[in-house]
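Listed below are the residues making up each chain.
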Amino acid sequence: MSTTDLPTPVLRGAAPAHAPAGTGHLRGTRSFPAEARDALQDTQLRRNLGKATGVIRAKRQAVVDEVPDWEELRLAGSAIKADVMARLPELLEQLEANVVARGGTVHWARDAEEANATVLRLVREAGADEVVKVKSMATQETGLNEALEAGGVAALETDLAELIVQLGHDRPSHILVPAIHRNRAEIREIFLREMPDVDPDLTDEPRRLAMAARAHLRRKFLSAKVAVSGANFAVADSGTLSVVESEGNGRMCLTLPETLITVMGVEKVVPTWFDLEVFLQLLPRSSTGERMNPYTSTWTGVTPGDGPQAFHLVLMDNGRSGVLADPDGRAALHCIRCSACLNVCPVYERAGGHAYGSVYPGPIGAVLSPLLTGISGEDDPNASLPYASSLCGACFDACPVRIDIPNLLVQQRAASVESHRRPTGQDVAMRAARVAMTSPGRFTAAEKAMSLGRVLGGRSGRITALPWPASRWTASRDVPAPPKETAREWFARTRPGQER
Ligand code: SF4
């Protein structure tokens, strides 16, 4: 097994192999089946999700179909990411050197706790007690808002959907559209309840809702001394950071405050601007279904008299070096967080994002979350995530960087089983199946025993209830009654003399 050692400061010390438990939002409190069961009862949620994912899916497909060399672009994106993973230590050190050379400061964070502590210290050093935030998965991962609040700093989300989630005292349920589980009427209610000075005649017309949010945010943009952002990409050979967004609120944060702090997962680095070009084509079409994203902000260090005069880059590991050391699992780090895999996933469409527990929901979350945290045993909520899939492969087809998510799901299912400290009902069933399937005689006996199950199927031919542990299967699915004839009996009857 090949491993990659990062000679970066992150890993020169004893870097944790996995994101430590207790800080941030990479793990929920209940298993996926338990959460999904509750989500499925919520008809409003299912309606909102079904409508929103359907619209985004259709938009994405239409703009992807316009591009004659889409497959070549996907291959290019995949190849660049593979190259980045193979050279991550070198690229990160190049990025660090170029950020510093252009007046920025680089901080290395082994995990979420160190990243949060660094940001809090920098905000305090800047003399601020509130920050404006650009939408960022990295800071959701670390639970930065809660950490800042505990340290006496108020964090205001400025992305409209993130603002809705924050005002609703809610959790994001989608990578790109964090409030996808809310409809317009619910958003109007949240605004009326939570926004001081909002027009009481506010309607649920999207334009009116956006105007109300803009008025709410404008005052903050002009007064905030510090902004916190994530980064979609970082160009190693120039030290340039980049954020792509649709509303322009991110750009206000990136240009107006005196101090800008960017928290970035180490995997977001790309070697050159030419590589960035590939992703700036793949990302908007895959995420919002647009040909170009409306705002692409890039900044390199600091420029006297223009924009923030202090720039800090926090390079965060939080389990990524452990994932990188896994020759198969490292492909999960190729993800550019476009969310296309969520919008095509039949499981996500019905259960929604909260059911996954982690800030990374859907197919990529079902592998990335357990890879980052590790699986601590059969009770670990993240142990159930790799099973949150039909393995239909739609996620791979949609992924702009060709991550083989179904394959990763199967590998993480194996990791989940290996983590068991005591056998589960499924383990017992699988071991029994192995005993039967490794001997022709035992297999024949098992077939005969199973054929008795025909009586349970009755006239409908479907078995709806079995005793434990098989009851865990029939609790949510029917089982077809065994056929009259086994495959081998059929073969012997239809191919006489050929049976072996
Ligand atoms: S795994 Fe692929 S499709 Fe899913 S969010 Fe990441 S880049 Fe997009």
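Bear in mind that the values here come from a model prediction, so they are computed numbers and not experimental data. (Residues numbered from 1 in each chain as written. Predicted model: local features only at pLDDT ≥ 70, side-chain atom pairs only at ≥ 80, totals over all residues. Heavy atoms only, no water.)

Structural notes on the sheet that holds strand β6 (residues 240-245)
- Spatial ordering of the open sheet is given by β8-β5-β6-β9, a layout of four strands whose pairing is mixed. The sheet is open, and its two borders are formed by β8 (269-270) and β9 (295-300), each paired with just one other strand.
- For β6 and β9, the ladder comprises six bridges, and the chain directions are antiparallel. Paired with V244 across the bridge in β9 is T296.
- Running at roughly 160° to strand β5 (residues 233-235), helix α13 (residues 273-287) makes contact with β5, β6, β8 and β9 of the sheet. (Pairing = 2+ DSSP bridges. Helix = DSSP H or I, 4+ residues; strand = E, 2+ residues; numbered from the N terminus. Contact = heavy atoms within 4.5 Å. Axes fitted to C-alpha atoms, helices over the stretch in contact; angles between N-to-C directions.)

Structural notes on the UniProt feature "domain: LUD" (unreviewed entry) in the chain
- Taken from the UniProt record, the annotation "domain: LUD" (unreviewed entry) applies to residues 92-302.
- The span residues 92-302 is 45% helix and 19% strand, and its two end C-alpha atoms sit 19 Å from each other. (UniProt positions renumbered as here; feature names shortened; annotations may be inferred.)

Some words on the site of the ligand
- Residues in contact with the ligand amount to 13 residues; listed here are only the nearest, C335, C338, S339, C341 and C399.
- Comparing atom positions with the cavity grids shows the ligand to sit within the largest cavity.
- Of the residues that constitute the shell around the ligand, the class distribution is 11 nonpolar, one polar and one charged. (Near = heavy atom within 4 Å. 1 Å grid on protein atoms, 1.4 Å probe; cavity = no way out; pocket = protein on both sides within 12 Å on 5 of 7 lines; lining within 4 Å. Sits in = over half its atoms within 2 Å of the grid points. Nonpolar A, V, L, I, M, F, W, Y, C, P; charged D, E, K, R; others polar.)

Quick look at the domain arrangement of the chain
- One can read the domain layout of the chain as domain 1 (87-321) and domain 2 (441-495).
- Between the C-alpha centres of domain 1 and domain 2 the distance comes to 55 Å. (Domains from an automatic or database assignment.)

A word on the packing of aromatic side chains
- Applying the stated criterion across every chain yields a total of five aromatic pairs.
- Taken together, the ring pairs in this structure connect F32, Y348 and Y356 into an aromatic cluster.
- Above the plane of the ring of F396 lies R74, whose end atom (NZ or CZ) is 5.4 Å from the centre.
- Stacked on the ring of F279, the Lys or Arg K81 has its end atom at 5.5 Å from the ring centre. (Phe/Tyr/Trp six-rings, centres within 6.5 Å; stacked < 30°, edge-to-face > 60°. Lys NZ or Arg CZ within 6 Å of the ring centre and 35° of its normal.)

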